[in-house]
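Structural overview for review
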Amino acid sequence: MIAEGATAVLLVFAALFPIVNPLGMAPIFATMTADATPDTRRVLARAVATNGFVLLLVSFFAGSYVLAFFGLQVPAVQVAGGLIVTASGWRLLTQETLDAARRATAEREADRAVLGRAFYPLTMPLTVGPGSIAVAVTLGTDSRATRAPLRIELAQDLGAIIGIALVAGTILVSFRSANRLGALLGETGMSVFMRLSAFILVCIGIQITWNGVSGLLASVTSAT
């Protein structure tokens, strides 16, 4: 039973960590929260990690049922999520650099809007996006595809929860460490870095959208 639980931990963590990619998303988090105070960014990091844990947990245990209830396919979720990610990256890419006065105002606004920004867009779709959700749904579906004794199923479910918690922990550590990026780069460096991060975000969104479109086209081709 311990072996099955440990295997589930490793499987879930190994499958989700590269997709969520907290280390790669940390610079984008720093860029998108550059207008917030350090305290606000720490609150955001904790909130994003918590939201990500809940979202992955729900996707693992109930994602397939939710999609079936609404008659949705995973590629459709990828297309929608990819378009949102692309729009977020484009908005960052084309926005003007804030001067000191506007930055102070933006920091106060970020403090007031912290909870709203924590879920959208920082958690969904930027951190736990359609790719992560699709993997979590697939893992959850596969774990229930084979019959096993109840104690084995409970051990596997507990292992999956621990694996998801580890992913959320890496999100928290990575995003909290992103606070130091602004001080390290300075205002000019942060502006340049923001443009580069925004361009990468647009590319990621287009790739996610293309994956979804390819999945939808494959389903049409197989049906004919």
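Residues numbered from 1 in each chain as written. Predicted model: local features only at pLDDT ≥ 70, side-chain atom pairs only at ≥ 80, totals over all residues. Heavy atoms only, no water.

Another point: the side chain of Arg-41. Along the chain, the position of Arg-41 falls in helix α3 (residues 38-70). At 3.2 Å, the side chain of Arg-41 forms a polar contact with the backbone oxygen of Thr-33. Residues in contact with Arg-41, not counting those within four places in the same chain, are Phe-29, Thr-33, Ala-34, Ala-36 and Asn-179. (Helix = DSSP H or I, 4+ residues; strand = E, 2+ residues; numbered from the N terminus. Polar contact = N/O pair within 3.5 Å; in protein donor to acceptor, adjacent residues only side chain to side chain. Contact = heavy atoms within 4.5 Å.)

With that out of the way, let us pick up the nonpolar core. Core analysis: the biggest nonpolar cluster contains 35 residues, and Val-12, Leu-16, Phe-29, Leu-56, Ile-171 and Phe-175 have the highest contact counts within it. With 8 residues, the top contributor of residues to this core is α3. Setting aside anything within four residues of it in sequence, one finds Phe-29 in contact with Arg-41, Leu-44, Ala-45, Val-48, Leu-122, Phe-175 and Ala-178. (Core = buried A, V, L, I, M, F, W, Y, C linked by side-chain atoms within 4.5 Å. Buried < 20%, exposed > 50% of the residue type's maximum accessible area, 1.4 Å probe, protein only.)

We now examine the packing of aromatic side chains. In this structure the tally under the stated criterion is 4 aromatic pairs. Consider the rings of Phe-13 and Phe-17, whose centres lie 5.2 Å apart with planes at 20°: the pair is stacked. Note that Phe-13 and Phe-17 are positioned in helix α1 (residues 2-20) at a spacing of 4 residues, about one turn of the helix. Of the residues examined, Phe-13 reaches a relative accessible area of 27% and is grouped as partly exposed. Assessed through its relative accessible area of 24%, Phe-17 is described here as partly exposed. (Phe/Tyr/Trp six-rings, centres within 6.5 Å; stacked < 30°, edge-to-face > 60°.)

Turning to the confidence of the model for the chain, a few remarks are in order. Scored by pLDDT, the chain comes out at a mean of 82, with 86% of its residues at no less than 70. In the predicted structure, residues 98-102 sits below a pLDDT of 50 and forms 6 contacts with residues beyond four places in sequence or in another chain. (pLDDT = per-residue confidence, 0-100.)

Our focus in this paragraph is a nonpolar patch on the surface. A surface patch of nonpolar side chains, about 450 Å² in accessible area, is lined by Val-66, Phe-69, Phe-70 and Leu-72. For Val-66, the position within the fold is in helix α3. Residue classification places Val-66 among the partly exposed residues on the basis of a relative accessible area of 40%. (Patch = residues over 30% accessible without salt bridge, like charges linked within 9 Å, V, L, I, M, F, W, Y side chains within 5 Å. Areas by Shrake-Rupley, 256 points an atom, 1.4 Å probe, with all protein chains shown as cover. Salt bridge = Lys/Arg side-chain N within 4 Å of Asp/Glu carboxyl O.)

In this structure, Pro-121 follows Tyr-120 across a cis peptide bond, with omega equal to 10°. One can find Pro-121 in helix α6 (residues 114-127). Of note in the backbone geometry, Asn-21 takes a positive phi value of approximately 50° without being a glycine. Mapped onto the elements of the fold, Asn-21 is located in the loop between α1 and α2 (22-32).

A word on α1. For α1, spanning 19 residues, the distance from its first C-alpha to its last is 26 Å, which sits close to the expected 27 Å at 1.5 Å a residue. Of the residues flanking the end of α1, it is Asn-21, one or two places downstream, whose phi is positive at about 50°. (Expected span 1.5 Å × (residues − 1).)

The subject of this paragraph is the environment of Thr-94. Here Thr-94 shows up in helix α4 (residues 74-94). A residue is classified by how much of its surface remains accessible, and Thr-94, at 47% relative accessible area, is partly exposed. Sequence separation of Thr-94 and Phe-199 is 105 residues, and the distance between their C-alpha atoms is 10.0 Å. In this structure the side chain of Thr-94 is engaged in a polar contact, spanning 2.9 Å, whose partner is the backbone oxygen of Trp-90.

Moving on, we come to the packing of α1 against helix α8 (residues 150-177). Between α1 and α8, the least distance of the axes is 7 Å, while the angle of their chain directions is 35°. Of the two elements, α1 crosses α8, and the hand of that crossing is right-handed. Taken together, the residues of α8 that come into contact with α1 (itself represented by Glu-4, Gly-5, Ala-8, Val-9, Val-12, Phe-13, Leu-16, Phe-17 and Val-20) are Ile-152, Ala-155, Gln-156, Gly-159, Ala-160, Ile-162, Gly-163, Ile-164, Leu-166, Val-167, Thr-170 and Ile-171. In the contact of α1 with α8, the residues fall into 15 nonpolar, 5 polar and 1 charged. (Axes fitted to C-alpha atoms, helices over the stretch in contact; angles between N-to-C directions. Left-handed = near helix turned anticlockwise from the far one by under 90°. Nonpolar A, V, L, I, M, F, W, Y, C, P; charged D, E, K, R; others polar.)

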